[in-house]
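# Structural overview
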Amino acid sequence: MQGVSKRYGGVRALQRADLVIEAGRIHAVLGENGAGKSTLIKIMAGVVAPDEGRMLLDGEPVSFASPAAANAVGIACIFQELSLIPDLSVADNIAISNPPRRFGLIDRRAQRRIAEEALSRAGADNIHPLALVKDLPLSRRQMVEIAKALARKPRILILDEATSALTAADVTKIYAVLKRLRAEGLALVYISHRMHEITELADECTVFCNGRSVATYAAGTKTDNEVVELMIGREYNAVFPPHAARAASETAPLLEVRKLGWSDRLTDISLQLRAGEVVGLGGLDGQGQRELLLGLFGVLLGTTGEVLIDGKPVTISGPNVAKRKTIGMALIPEDRKTEGLMLPMSVRDNLSFAALATLSRWGVVDAAAERAAVERMVRLLAIRTDGIDLPAGSLSGGNQQKLVIGKWLMMAPRILLLNDPTRGIDVGTKQEMYKLLRELADADAAILFYSTDYDELIGCCDRVLVMYDGAIKRELIGDEITERALIGSALNIGAEARQATLRAGST
Amino acid sequence: MSGDGPYWLREHRGTLLAFAGFVVMFTIYATNHPAGLDANVATTAANKGVLLAIVAMAQTLVVLTSGIDLSVGAVMVLANCLASGIVIGSPLMSALGVIGVLLVGALCGAINALIVIFGRLQPIVVTIASGAVYYGAALALRPVPGGDVDTALADALTGQLPGGVPASLVVLLAVVAIVWLPFRRSVIGRAAYAVGSSEIAAYMSGVPIRRAKFVAYTLSGLLASMAGLFVTFITYTGEASAANASTYTLYSIAAVVLGGVSLFGGSGSAVGAIFGAFMFRTIGDLLFVFNVEPLWQPLFQGIVLAAAVCLGAARLLRVRNRLDLYG
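Note that the structure is a prediction, hence the values are computed from the model and not measured.

## Concerning the overall build of chain B
The helix and strand tally for chain B stands at 15 helices and zero strands. In terms of overall size, chain B behaves like a compact globule, its C-alpha atoms giving a radius of gyration of 20 Å where 327 residues would be expected to give roughly 20 Å. Based on the C-alpha atoms only, the size of chain B along its principal axes is roughly 60 × 50 × 40 Å. Nonlocal contacts in chain B, meaning residues at least 24 apart in sequence, comprise 76% of its contacts between residues at least 6 apart.

Written as structure tokens, this is what we have:
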């Protein structure tokens, strides 16, 4: 790609960007959200057309009118937002762009063969080709997505945050698959926010910043800090705000949970949360962290056990109860697009939802008070928008996430639950978010913070509760929070080893 | 790896449930009928059932793309009025007449499709408007009921085959075999399901979205005109009946729901909708068998429809995460 540019309205998403991709190499593309990576990929995949510049394939200029056209020349793309069709089967989905035909009709046997082959190439032969996609969990869907791209026999494969929803075991499989594809001579473009993935996989890296391609270098020739500096285009200091080591259990707990259970997904969860604390939830993805947060927020039906606020038992039967003044609990959901925001509605509407009760009298919203409160929040969180009446969907991912947080800050929560809030957002916004969490804690809020990023837990939290199989297996306090301890307890290594010894001893 | 059986059941659950529901209702009806189920009773029941079944198939095609077609009834009535004027004369003239009626039906559907696709308007608004236009055209053709139809053809298609089998059932099978099965198995049909399930994902997968919608609406119009022809064959006359237009439109939606087709699009089958239509018709007949005042019929049909929808939603009682309720 040479000098490619793209504008959206007044925003320059991409400015004279260059990128060279070679067969048999893995090329990592790095950059903050809004740096132009997604736009670049959309151009390569034929989703949007560039305003200027040109794309050469084997030295010949090419342009794509649609994703189908990009497909036709062998470019397959795995997008961050999945492109699977929920009501169709896995096999239907894998073959969707060009189903095998016999007498003009779809040949289901051939389709099934193709699907099985693609699934096994992706290392996912445990997925049944006739299962409906909507019945599969997110991580399985992502594997199907990868199989679908492989079934097109692409020459260039683009992966945009393709591992963000995968379990550790799947990630290992995908690495092996990607390396094999590289050996087969495919050109791979890999986008990720996880630095260690890039060190492990990439041959070359290109860094994007503010819509420009600022540097291309051979992988391993720059340190993580140098790369991050290129990405944010400014001096890079400590990511995490400093916080004083706290003496535990001095004050009475603000939130106490006793033996919380829910079907077979949560067992005997007991925890205490004090004002001024940031408590992390660790462990592998999908060990009940999400359920715990939803359970506390009153979203799950049929939970057992007790929840106490200020030492008094409470029944939280839903978000509308949780946000009452006496409880003051807020949850920042994992999926901002569906659970956090009404994308077509304005920034103002989105921000004031949770606090409408305090901004209205006799059921009528006080527009002036609302505007003032919303503008205050936009300034406080430094939300980048051209106006509070624009739709939330027009903001970048990081700014959308700030909106979700801002919405709940409007009601001044005492207890803040966060479900992996920094997933898929850029370094700059992450840093602002860490600072904000600490400020809230210092203002005597209690924070329960689930993250899949170990660095985040180490840098942000006073304590970390590590979950495994729906239960809290270990509590790490202060200096105990190290990557080694987190990973060890996440895999529940100690306990498994002990059980193995016990079994061995009993025979 | 486990067998394919469970996955097959999962995919066809709606259709199978509709089939089971119909079988239960029809068995009750047949065993309680005072005169027993003779060939004439069966033929009359089949004709009424097939008529609604074809309209329900028309509705299914559009609903699968997550649209809705409120003009199916009007297209049916227009086809009826047109057929009562041109499906007559020599066998050749009648055949040409039939083709003409079907072409007009397909054209009506195609017009809906073009407005929905290129006007980017909601199907519900488009088809309310176009339905009024089509009904207006029917009224212009037949201000008062009248006309005639090729009686031999009509009797052949609505009568009995040797052995007492209602001919209309064979017609329905033929329609399924000629229109539905190829659609279901074609790339375009797959695309229609994809569009209904997730239009964005379909686009990103390079699915021909516009063509899928165009074919779905056009086939819907074609099927609706087949239903119109059938009305003509049953009644021997053409009538621009506003009551028929709106009743069949609404009943077709009821049949689609009973047949396990998701109103959100992307899931279900026209075969399910056929059994949904049969089921809906059998309710009326059941009330007759049990000597219930005909006045009560709409009320009972409404109750059964509501019950069916509730049954379909019964799985929601098992939901333990409230977020799943809104998924």
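## Observations concerning the overall build of chain A
Counting secondary structure elements, chain A contains 19 helices and 24 strands. The buried share of chain A, reckoned over its 507 residues, is 45%.

## With respect to the nonpolar core
A:Ala147, B:Ile54, B:Val55, B:Met57 and B:Ala227 are the most contacted members of the largest nonpolar core, which has 163 residues in total. Those residues in contact with B:Ala227 that sit more than four places away from it in its chain are B:Leu51, B:Ile54, B:Val55, B:Ala58 and B:Met76. Counting residues in hydrophobic clusters, the runner-up holds 70 residues, among them A:Leu260, A:Leu416, A:Cys461 and A:Met467.

## Concerning the packing of helix H3 (residues 39–64) of chain B against helix H12 (residues 242–258) of chain B
Residue and element names in this part refer to chain B. Packing of H3 against H12 leaves a shortest axis separation of 8 Å and a crossing angle of 70°. As the angle between them shows, H3 and H12 are arranged roughly perpendicular. In contact with Leu52, Val55, Ala56, Ala58, Gln59, Thr60 and Val63 of H3, H12 contributes Tyr248, Tyr251, Ser252, Ile253, Ala255 and Val256. Broken down by class, the residue content of the contact of H3 with H12 amounts to ten nonpolar, three polar and no charged.

## Some points on unusual backbone geometry
Unusually for a residue other than glycine, A:Asp310 sits at a positive phi of about 50°. Positionally, A:Asp310 belongs in the loop between strand S16 (304–309) and strand S17 (312–314).

## So, the interface of chain A and chain B
The interface is formed by 30 residues belonging to chain A together with 28 residues belonging to chain B. Only helix H2 (67–72) and strand S8 (105–106) of chain A provide two or more residues apiece to the side of chain A that touches chain B. Top element by residues in the side of chain A that touches chain B is H2(A). It accounts for three residues. Here the residues of the side of chain A that touches chain B are counted per class, giving 18 nonpolar, nine polar and three charged.

## Section: the sheet that holds strand S13 (residues 255–262) of chain A
Strand-to-strand pairing in sheets goes through backbone hydrogen bonds, with the strands running parallel or antiparallel. Residues and elements named next belong to chain A. Spatially, four strands are ordered S14-S13-S16-S17 in an open sheet, and the strand pairing comes out antiparallel. Pairing within the sheet leaves two strands with one partner each, and these edge strands are strand S14 (266–273) and S17. Across the sheet, the mean angle separating the axes of adjacent strands is 25° when strand polarity is ignored. Sheet strands touched by helix H9 (residues 289–296): S13, S14 and S16. Its angle to S14, the strand with the most contacts, is close to 65°.

## Side note on the sheet that holds strand S23 (residues 463–468) of chain A
Residues and elements named next belong to chain A. Here six strands make up an open sheet; going across it, the order is S18-S21-S22-S15-S23-S24 and the pairing mixed. The two strands at the open ends of the sheet, each matched to only one other strand, are strand S18 (329–332) and strand S24 (471–477). The mean inter-strand angle of the sheet, taken between neighbouring strand axes irrespective of direction, is 20°. The sheet contacts of H9 involve strand S15 (278–282), S18, strand S21 (415–419), strand S22 (446–450) and S23, and relative to S21 the element is tilted by about 150°.

## Focus on the environment of A:Ser83
With respect to the element layout, A:Ser83 can be found in the loop between strand S6 (75–78) and helix H3 (90–94). On a C-alpha basis, the gap between A:Ser83 and A:Leu341 in space is 21 Å, while along the polypeptide they are 258 residues apart. What A:Ser83 contacts, discounting residues up to four positions off in sequence, is A:Glu145, B:Ala201, B:Met204 and B:Ser205.

## A short note on helix H16 (residues 427–442) of chain A
Residues and elements named next belong to chain A. Under the 1.5 Å per step criterion, the end-to-end length of H16 is 23 Å for 16 residues, consistent within 8% with the ideal 22 Å. Within the span of H16, buried status applies to Thr429, Lys430, Met433, Tyr434, Leu437, Leu440 and Ala441. The buried residues of H16 occupy an angular sector of 145° when projected down its axis, which confines them to one face. Elements that come into contact with the buried residues of H16 comprise S15, helix H15 (397–409), S21, S22 and helix H17 (454–460). Asp444 occupies a position one or two residues after H16 and carries a positive phi of about 75°.

## Quick look at the pairing of strand S4 (residues 52–57) of chain A
Among the six residues of S4(A), zero are classified as buried, and the element is accordingly described as predominantly exposed. Between S4(A) and strand S5 (residues 60–62) of chain A, which pair antiparallel and follow one another directly, the connecting turn spans two residues, one of which, A:Asp58, has a positive phi of 50°.

## Some remarks on H12(B)
The end-to-end C-alpha distance of H12(B) is 24 Å, a good match for the 24 Å that 17 residues give at a rise of 1.5 Å each. Those residues of H12(B) that sit buried are B:Ala245, B:Tyr248, B:Thr249, B:Tyr251, B:Ser252, B:Ile253, B:Ala254, B:Ala255, B:Val256, B:Val257 and B:Leu258.

## Re the packing of H3(B) against helix H13 (residues 270–289) of chain B
Residues and elements named next belong to chain B. Viewed as axis vectors pointing N to C, H3 and H13 meet at an angle of 140°, and their least axial separation amounts to 8 Å. One element, H3, and the other, H13, form an angle in the oblique class. Crossing geometry of H3 relative to H13 is assigned as right-handed. From H3, Ala45, Lys48, Gly49, Leu52, Ala53, Ala56, Met57, Gln59 and Thr60 reach across to H13, where they touch Ala270, Ala273, Ile274, Gly276, Ala277, Phe278, Phe280, Arg281 and Asp285. Residues of the contact of H3 with H13, tallied by class, amount to eleven nonpolar, four polar and three charged.

## Quick notes on the environment of A:Phe449
The residue A:Phe449 is located in strand S22 in this model. Separated by 325 residues in sequence, A:Phe449 and A:Ala124 have C-alpha atoms that sit 32 Å apart.

## Description of the confidence of the model for chain A
Residues and elements named next belong to chain A. Here chain A averages 80 in pLDDT, while 86% of its residues score no lower than 70. Confidence, read as mean pLDDT per element, is least for helix H19 (residues 493–506) in chain A (51) and greatest for S22 (92). Segment residues 234–238 is flagged for pLDDT under 50; beyond a separation of four residues in sequence, or across chains, it makes three contacts in the model.

## Looking at the pairing of S18(A)
All names here are of chain A. Alternating positions in S18 separate into two faces, Met329 and Leu331 on one and Ala330 and Ile332 on the other, with burial throughout. Pairing between S18 and S21: four bridges, direction parallel. Residue pairing in the sheet places Leu331 in a bridge with Leu417 of S21.

Rules and cut-offs
- Residues numbered from 1 in each chain as written.
- Chains lettered and ligands numbered in written order.
- Predicted model: local features only at pLDDT ≥ 70, side-chain atom pairs only at ≥ 80, totals over all residues.
- Helix = DSSP H or I, 4+ residues; strand = E, 2+ residues; numbered from the N terminus.
- Rg over C-alpha atoms; globule rule 2.2 N^0.38 Å.
- Contact = placed C-beta atoms within 7 Å.
- Buried ≥ 20, exposed ≤ 12 C-beta atoms within 10 Å, placed from the backbone.
- Core = buried A, V, L, I, M, F, W, Y, C linked by C-beta atoms within 7 Å.
- Axes fitted to C-alpha atoms, helices over the stretch in contact; angles between N-to-C directions.
- Parallel < 35°, antiparallel > 145°, perpendicular 65-115°, else oblique.
- Nonpolar A, V, L, I, M, F, W, Y, C, P; charged D, E, K, R; others polar.
- Pairing = 2+ DSSP bridges.
- Expected span 1.5 Å × (residues − 1).
- Arc of directions from axis to C-beta.
- Left-handed = near helix turned anticlockwise from the far one by under 90°.
- pLDDT = per-residue confidence, 0-100.

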